[in-house]
Amino acid sequence: MILRLAFASLIARALTVGMTILAIALSVALFLGVEKIRTGAKASFADTISGTDLIVGARSGSVQLLLYSVFRIGNATNNLTWETYQDIASHPDVDWIVPISLGDSHRQFRVMGTTPTFFERYKYRSGKSLVVNDGAIIDDLFDAVIGADVAATLGYSVSDPIVVAHGLASFTEHDDQPFRVSGILEKTGTPVDRTVIIGMRAIEAIHVDWQVQGQSTPADALRQMELEPQAVTAALVGVKGRLKVFGLQRFINEYTQEPLLAILPGVALQELWQIVSIAETALVGVSAMVVITALIGMMATIFSSLNERRREMAIFRAMGARPRVIVGLLVLEAIVMATLGALVGLELLYIGLTIGQPLIDSAFGLWLPIEPPTLREVWVLLVVILAGAIVSMVPALRAYRMSLADGMTVRI
Amino acid sequence: MKILSFLVATAITVTPVLAEENRQLDAHEHGVGQLDMAFDGKQIAMELHAPGADIVGFEYEAESAPERAAVDAAVATLAGPLGLFVLPDAADCSVVQATAGLEREEEHKDDDHVDDEHADDNHAEAKHEDHANEAGHTEFHAEYLLTCADPTAINNINFSYFDSFPNALEVEVQVITAAGATSFEVERDAPTLDLRGMF
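Residues numbered from 1 in each chain as written. Chains lettered and ligands numbered in written order. Predicted model: local features only at pLDDT ≥ 70, side-chain atom pairs only at ≥ 80, totals over all residues. Heavy atoms only, no water.

Novice: Any chance you could break down the side chain of B:Glu67 for me, citing the residues and the numbers?
Specialist: All names here are of chain B. Counting through the fold element by element, Glu67 comes out in helix α3 (residues 65-78). Buried and unpaired, Glu67 has no salt bridge, with Arg68 as the nearest side chain of opposite charge at 7.0 Å. Within the structure, the side chain of Glu67 is placed 2.7 Å from the side chain of Tyr60, a separation counted as a polar contact. With residues up to four places along the chain from it excluded, the contact list for Glu67 reads Phe58, Tyr60, Glu61 and Ala62. (Helix = DSSP H or I, 4+ residues; strand = E, 2+ residues; numbered from the N terminus. Buried < 20%, exposed > 50% of the residue type's maximum accessible area, 1.4 Å probe, protein only. Lys, Arg positive; Asp, Glu negative; His and termini not counted. Salt bridge = Lys/Arg side-chain N within 4 Å of Asp/Glu carboxyl O. Polar contact = N/O pair within 3.5 Å; in protein donor to acceptor, adjacent residues only side chain to side chain. Contact = heavy atoms within 4.5 Å.)

Encoded structure:
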C-alpha cells in the first residue's frame, strides 16, 4: 500500500524526481569510475612485467627507470655503455640479460631494439609469454616485430615495409633502410602492444650513415658489417636464484666505472603507488563529495516538495494515516530514488566503460576490464542508498511534526 | 676550422685522463636502516645495513674503552638475527650463517693512476684518511642465512631490533619471494612486518 503510494507519488513528479535520480546516478558513476580507473591502472601496471628480477639503467630514480624502460613513459637520462652491459652480463650471478634500446620511432609508436632473447624472457601478467600471432620473430637484420596495436592502427600485415625515424616525433626518417614486418604479436595489454621491436644490430645499422646527407650503405653491406652496439638504454636481468638478487643489485649500484641503478620492479612499482596515492586519495575524496552533493540535492528537492504536498500530507493524516506513515512514505520515496540513482549510475558506468575502454587503451595503454561489480562496489551502492535514507529523515521528520497542522491551516 | 677541430679532438682525448678518478657516496640517513630479505625454498637470506648513529649513537672512530665496548657489543647483538627479527615459532628457523661488522663509509675511489700523479699518492691517501674521520659516516652491516622448516609460516616478523637499538627509528624492508618483490617500512611505533600474502 505505502509502496504503491510512494511509486505513484514519484511518478506524479516524474521530472523533478528524474533529475534527482540523474544527479545521483552521475555522481555514483563518477565515484565508481574513479575506483575502476584506480584499480585498473594498478592492475595494468602490475601486470606489465613479471619474471624479471632486476632492471638496470643509468643512475636516476627507480620510478623513472621503471617508467621509461618498461612503460615507455618519459626518457632515459643516460644510456649504458655496451662495455658495462657486457660486464654485468658476465657476472656469475646473472642468469640472463636482455638489452633494451629506445630512442627511435615509427609514426607515433616507439621502436625498441633488443635481442631475440627478449621474446623468451619478457613475461607479463604473472608469467605469460609473448606470442607471435602472425609471422615469426626477428631473423634478418631488417626484420621488425610489431605489437598488436601497431598492426591494428597502421593496418600492417606481415612482410609490409616500414621506415624507422630517428627520435620520437622527428622528421629525420631513416628511409634508406626500410624494415620489413616479420611478425605481429598477440595483444597483451602492455606497452609491448604499442612497440616496434627490432634487433640490437638493426639499431646500429640505421645509424651507420644517417648523419651524412645523401649517403647510404646498401642493406647487404650492412648485413655484412660487425655492428656492435655502443650503448643500451636499459637491461632486464634474471638472477640465478632469489637469494642472489640483492647481492647483484648491490654490485650494480656500487659499480664504480659507470653510475648505474638496478631496481626490483615490484619495489619500484610500490614506490610509484606511494607517489600516486596522494592524488588517488584526492580523487576519491572529490568524487565522494560529489555523491554527497547529489544526496543533499535530493534532500533539497524533498524539502521543496513538502511545500507542494502540504495538502496531500494533511489528507493522508485526515484519512487516518499515522505520522510515522508519512515519515515512512517520504523515506521510502528517498530510498527508491537513491536505489534508482545507484542502479542507473552503475549502468552509466558500464556504458561509459564500453565506450571508453578502447579509447583509454589506445590513449594511455590502460586496459580497464569490464567485470561484474565487485563486493566493494556493491558496498558503495548500499552506502549511497543508506545515506539517501538517512538524509531524507530530515525533511521526513519535519513533515512528521507539521503534516496535520500545516495542511489544515488555511493560509492567506 | 682545422685548428678548432684539433682542439676539440684534444679536449676529448685529454679529459678522460684528468677525470680518471670516480667519486661517489651512498645515501646515508640517520634513524633509517635497510633490511633486504630473500626467500627461496627453505632458505632466507637477509642483509641489514644500519647507520652507526642508530646502533651505537656515534659515527666517529671508537676511541675510548666504553666506545669500543659499545661497538663490540653491537656487533655481537647484530650477529644474532633471531633476537633482532623474531620469526614465528611455527616456521622453526635456525641460523646457518651470520656475520656482522662495522664499515666506514668512504668515498668509493677508483683511481686509475696516471704515472705523473704517483708522486703525490702517499700524501693524498693520508689526507683522505683524515677527511674520513671528520665527515665520514659509519654503517653496521650484517648478513644472515637462515633455514626454516616451514618458511610459509612466517606471516609476521617482530622487530625487537628497535628494543635493542633505541636510536633506530625505521627500517626499510625489501622482500623477495616466489610471488615477487615488494617493499615495506617498519617503524618504531609499529614494529611488526606483516608478510601475509607474500607466499
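Novice: How would you summarise the pattern of salt bridges if you had to cite specific residues and measurements?
Specialist: Residues and elements named next belong to chain A. Scanning all chains against the criterion turns up 16 salt bridges over all chains. Asp149 serves as the salt-bridge partner of Arg194, at 4.0 Å between the closest nitrogen and oxygen. Of this pair, Arg194 sits in the loop between β11 (179-185) and β12 (195-199) while Asp149 sits in helix α6 (residues 148-154), and the two are 45 residues apart along the sequence. For Arg194, a relative accessible area of 22% gives the class partly exposed. The class for Asp149 is buried, based on a relative accessible area of 12%.

Novice: Summarise the state of the cysteines; cite the residues concerned and give the values.
Specialist: Residues and elements named next belong to chain B. All told, the structure shown has 1 disulfide over all chains when counted by the stated rule. The side chain of Cys93 participates in a disulfide bridge whose partner is Cys148; the two sulfur atoms lie 2.0 Å from each other. Between Cys93 and Cys148 the sulfur-sulfur dihedral comes to about 105 degrees; the bridge is accordingly right-handed. Remark: Cys148 occurs in strand β5 (residues 137-148) and Cys93 occurs in strand β4 (residues 93-105); sequence separation between them is 55 residues. Summarising the burial analysis for this pair, Cys93 and Cys148 share the class buried. (Disulfide = S-S within 2.5 Å.)

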